[in-house]
Every structure is written in C-alpha cells, then in structure tokens.
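Descriptive structure summary
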Amino acid sequence: MRSIVWFRRDLRRDDHPALAAAAARGPVLGLFVVDPVLAAPVGPTRGRYLSEALAALDASSGHHLVIRVGDPAEVLIAVARETGADAVYATAETTPRGRARDAAVADALARAAIAWRPHSTPYVVEPGTLRQRDGRPYRVFGAYARAWAERAASVPGPVPTPPVTWVRAPGEVPAVVGDVVGTRRPAHFGGLPDAPAPARPPAGEDAAREALLAFAGRAEGYGAVRDDLGRDATSRLSPHLHVGALHPRTVLAALDAAGQVAPEFRRQLVWREFYADVLWHEPRSAWHDLRGAGAPPPDRDGAALARFSRWARGDTGLPLVDAGMRQLLAEGWMPNRARLVCASFLVKHLHVDWRWGASWFLWRLVDGDVASNQHGWQWVAGTGTDAAPYHRIFNPVRQAERFDPDGAYTRRHLPERYRPGGVVPAPMVDLAAERREALARAAMARGAR
Ligand SMILES: Cc1cc2nc3c(=O)[nH]c(=O)nc-3n(C[C@H](O)[C@H](O)[C@H](O)COP(=O)(O)OP(=O)(O)OC[C@H]3O[C@@H](n4cnc5c(N)ncnc54)[C@H](O)[C@@H]3O)c2cc1C
C-alpha cells in the first residue's frame, strides 16, 4: 500500500514514528506543502533556512521529496490521486494554526476516502496532555516540570531509521519555498533590513546529528557555562529542533548514551515543552497577554516606532543589546541570555509593546517558534508565566558585567565599537530613569485594576 508522508516540523528520517509506520506499510511519497497562509509571516532568513533543511531532506531521500505550494488538503488529495496513495502519515501539529489546519485536512481526507494517520508530536510529552489534579492546565514551570518528568519516564525511546522505498510524483517540478514566504511583513518593520542573515547555522539532519554529538560530550558542564556569552557554550540545537531535523527524544537518548545526566540542560528542553503546552491550552496567548490584568499598557505610537527601529537595527548605544541584535541580523540566532537582555530592554526601558519585539524575532530567527518565542517575550514582559513579573528589569550594563565580563561576545558582534578611533555612541536612554518609569507604569496599572 502506498502512503504519503506529509513532512512539516519533522524534516528528518531518523526517530520519525510517522515515517517508520508508513514505510512498514509499503512505498512512501515524501511531501512538503508550502501553505501560503502559514508561510506569509515567515521572514526571509527562516524561509532560506527552511529551504536548506528541505534540500537536505531531499538529498537524504535520494531526491524524492515532493514540494508543492497550495492549500494542504487540496494538494494532499491531488497527490494521492496522482500516485495512488490511500493514506497520509504525519507528525501531529500542536500550534493553534497547525491544529486547525490538521483538523481541516483530516475532514477533507475523510471525504475523499483517504486515511489520516497522525503519529507522535515534535515534543517528548504531547502538549495538552498534562493537567493539574483539579484538571486545570499548568501555568507554573516547576510544577509542570515535575509532572513532565513523571510522564516522560514512560515515553518510548527513539524509533530507528526505517528502510524506505521512496516513490515520486510523476512530472514533478520542485516549488521554490523562497517565492512564497514573507508576503505578510508587518508595517511596523518599516525600512528595517530584510536580507537573509548571511551567517545562518547549517541545516539538515546530518548537521543536527553532528551538533548533537559534539554537544553530548560536554553537556555535563552546560549548567556552569550556559550564560557565559563569550564562550558560546550552549548546544545550538534550537534551529534543528525547530524544523525537526532532530527530535528531543533523540537528544535525551544521546545524553543517556554519553552518560551525561546534565539536569540543567534537560530543564531547558522542558521549557520548550512547557511553552508548547501553555500555547496548546491558550491559543490566544500567541499574540494576546496570557495574564492581561495588571500589565502596564505598552507604547505603540510614532515615538515607540522610532525606538523600536533603533533597537531592531542594534543601534541603542547599549553594547550588549546592540551585539545581540546585530547577531540576530547576521546569524538569525542568539543565545538565551542575549534574547532575555534585548527583549527586556525593548519592553522595560523603551516601553514598547512585546508583540512588536516578538514579531521581529520571529521574522529574523532561524529557530523562530511561536510557542517559545511568544512565551519567552511574555515572560520578559511580565504578561506570561513569570511568577514575579513586573519588578524583573534586566539592566543591560550589569548583565554585560556579569555574563560578558571580558567583552568577548560584544567584541565579536559589535567590532566597530572597539576599533581604534571607533565612535562609541551614548546610550539612547537613561537606564535609571526608564527603570523608574517602568515601575511607575506597573504600579499605576496595578492600582487601576
Ligand atoms: C525573548 C525570547 C525569545 C525566544 N525565542 C525562541 C524561539 O523563537 N525559538 C526557540 O527555539 N527558542 C526561543 N527562545 C528560547 C531560547 O532562548 C532558545 O531556545 C535558545 O537560546 C536556543 O539556543 P540553544 O539551542 O543553544 O539552547 P540550549 O541552551 O542549548 O538549550 C537546549 C534547548 O532547550 C530549549 N530551550 C532552551 N532555553 C529555552 C527557553 N528559555 N524557552 C524554551 N525553550 C528553551 C531549546 O529548544 C534549546 O535548543 C527564546 C527566549 C527568549 C527569552
């Protein structure tokens, strides 16, 4: 029996339950559908990275991957008819739009008498399946992490790479992903640079495997160095996890095999699962405050736009913020500490709406992920899952002293500041005054409740 494997956030062959199930049944047609609706808000950097990940998957399937543009249900039914496939296998989606799309596709396939076979998700523990004793979803990370550990202990391990008999659709002309992405560029980006980040991380399952093996050997020391910006010591697995060149199950199994307990690292992977779970229960939290009441109203006027634009260009005069924002432009990636400091500066010192910052990150990051990004931003803005939201204001100068003490990170990403005779710009705002302003706004918002 012929099956379609519809690839989405699972661009790999290894540890892929849907692919393994389809391959056990008979020949497989690997398909990626560029859905114009989902592709519209994908920026050029993430679009390019996705193309590279797809090219790697195509190569690893002996150049059998079929890429089509269009409404997924229509494309799937058309490809099934062309090739005689009677079932569609996929890794289940968990984001609000992904779930709505899967529900619509399942209906359309049922009407066309084609079987819909979702298997697993891009997470170790399926989002939406853990609940507190009283049935409510988790909102606090620590409690979620405990429940997650209990459940994860009974989750089956990685699925071996199956032998696959690939088939191709006749007369296939590959679609170009870059032609479809980025058609919905938010107006507040104005004239901000749009060229794809030139120093993007490598894409594809082989690159992911290499990064994982390199990291597995040093994971035990991760806790001590993860925030050391100069050492660049984190795993850099996020782009691979985002496109699914790696499954987190595989990552955990590799750590076990390398004899690395690495609790701090495992904890970070659980943050990824926690945010996916929060978003699953609260789809609106992608763009609306999770905890709206008591949050100070952010600025969205012309002056805020000018401040946002300087921030996004890495032109704030705060070296750590500018280094982070320049790294984002150059690589489409930033370490977590830099993301925290840059996001906090925009929201707490420039008083700009977190949604503007989140949209810029999502547009530029190769790992731009609606759950981790939006909830990372909401955590910083104090509207999300942080238990002590409004008083946490990262001072970018203190943060640089603590996490980039010799300036190695800042020098790497902001070299012009350190050239002999280089201009050292003044900070665009007075940090102490804006901190007071942020606290006053928060107090006023709380008083108004
Ligand atoms: C404002 C803001 C925006 C963010 N946007 C994204 C995003 O769009 N996509 C994304 O994958 N991560 C995002 N993060 C989380 C985190 O910054 C990145 O996952 C991490 O920097 C990726 O680098 P790494 O793979 O070397 O991480 P490591 O430190 O090696 O961690 C391993 C993995 O754990 C997960 N992880 C680590 N930290 C977090 C976290 N705080 N929240 C959720 N998952 C985490 C990631 O999958 C990461 O690859 C954001 C964080 C903040 C504060």
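Small disclaimer: the values here were computed from a predicted structure and weren't measured. (Residues numbered from 1 in each chain as written. Predicted model: local features only at pLDDT ≥ 70, side-chain atom pairs only at ≥ 80, totals over all residues.)

Attention shifts here to the overall build of the protein. A tally of helices and strands in the protein yields 19 helices and 5 strands. For the protein, the C-alpha atoms occupy an extent of roughly 70 × 55 × 45 Å along the three principal directions. Each of the 449 residues in the protein was classed as buried or not, and the buried ones make up 46%. When contacts within the protein are restricted to residue pairs at least 6 apart in sequence, those whose partners lie at least 24 apart make up 81%. (Helix = DSSP H or I, 4+ residues; strand = E, 2+ residues; numbered from the N terminus. Buried ≥ 20, exposed ≤ 12 C-beta atoms within 10 Å, placed from the backbone. Contact = placed C-beta atoms within 7 Å.)

Next up on the list: the domain arrangement of the protein. Per the domain assignment, the segments of the protein are domain 1 (1–121), domain 2 (122–158 + 205–281) and domain 3 (283–444). Computed from C-alpha coordinates alone, the two centres of domain 2 and domain 3 are separated by 25 Å. Across the boundary between the two partners, domain 2 contributes 16 residues, which contact 21 residues of domain 3. Only helix H9 (238–243) and helix H11 (263–281) provide two or more residues apiece to the side of domain 2 that touches domain 3. It is H11 that provides the largest number of residues to the side of domain 2 that touches domain 3, a total of 5 residues. (Domains from an automatic or database assignment.)

The environment of the ligand is made up of 28 residues, and the closest members are Thr234, Ser235, Ser238, Asn373 and Gly376. Broken down by secondary-structure element, the contributors of at least two residues to the shell around the ligand are H9, H11, helix H14 (336–349) and helix H16 (370–381). Looking at the shell around the ligand, its residues break down into 12 nonpolar, 10 polar and 6 charged. Of the domains in this structure, domain 2 (122–158 + 205–281) and domain 3 (283–444) are the two that each give at least three residues to the shell around the ligand. (Near = placed C-beta within 6 Å. Nonpolar A, V, L, I, M, F, W, Y, C, P; charged D, E, K, R; others polar.)

Contact geometry for helix H6 (residues 141–152) and H11: axes closest at 10 Å, N-to-C directions at 105°. Judged by the angle between their axes, H6 and H11 are roughly perpendicular. Contacts between H6 and H11 involve Phe141, Tyr144, Ala145 and Trp148 from the former and Arg267, Val270, Trp271, Glu273, Phe274 and Asp277 from the latter. Its residues assigned to classes, the contact of H6 with H11 shows 7 nonpolar, no polar and 3 charged. (Axes fitted to C-alpha atoms, helices over the stretch in contact; angles between N-to-C directions. Parallel < 35°, antiparallel > 145°, perpendicular 65-115°, else oblique.)

Moving on, we come to unusual backbone geometry. For aspartate 15, which is not a glycine, the phi torsion comes out positive at approximately 45°. Turning to its location among the elements, aspartate 15 is positioned in the loop between strand S1 (3–7) and helix H1 (17–25). With a phi angle near 60°, histidine 351 is a residue other than glycine that sits in the positive phi range. By secondary structure assignment, the location of histidine 351 is in the loop between H14 and helix H15 (354–364).

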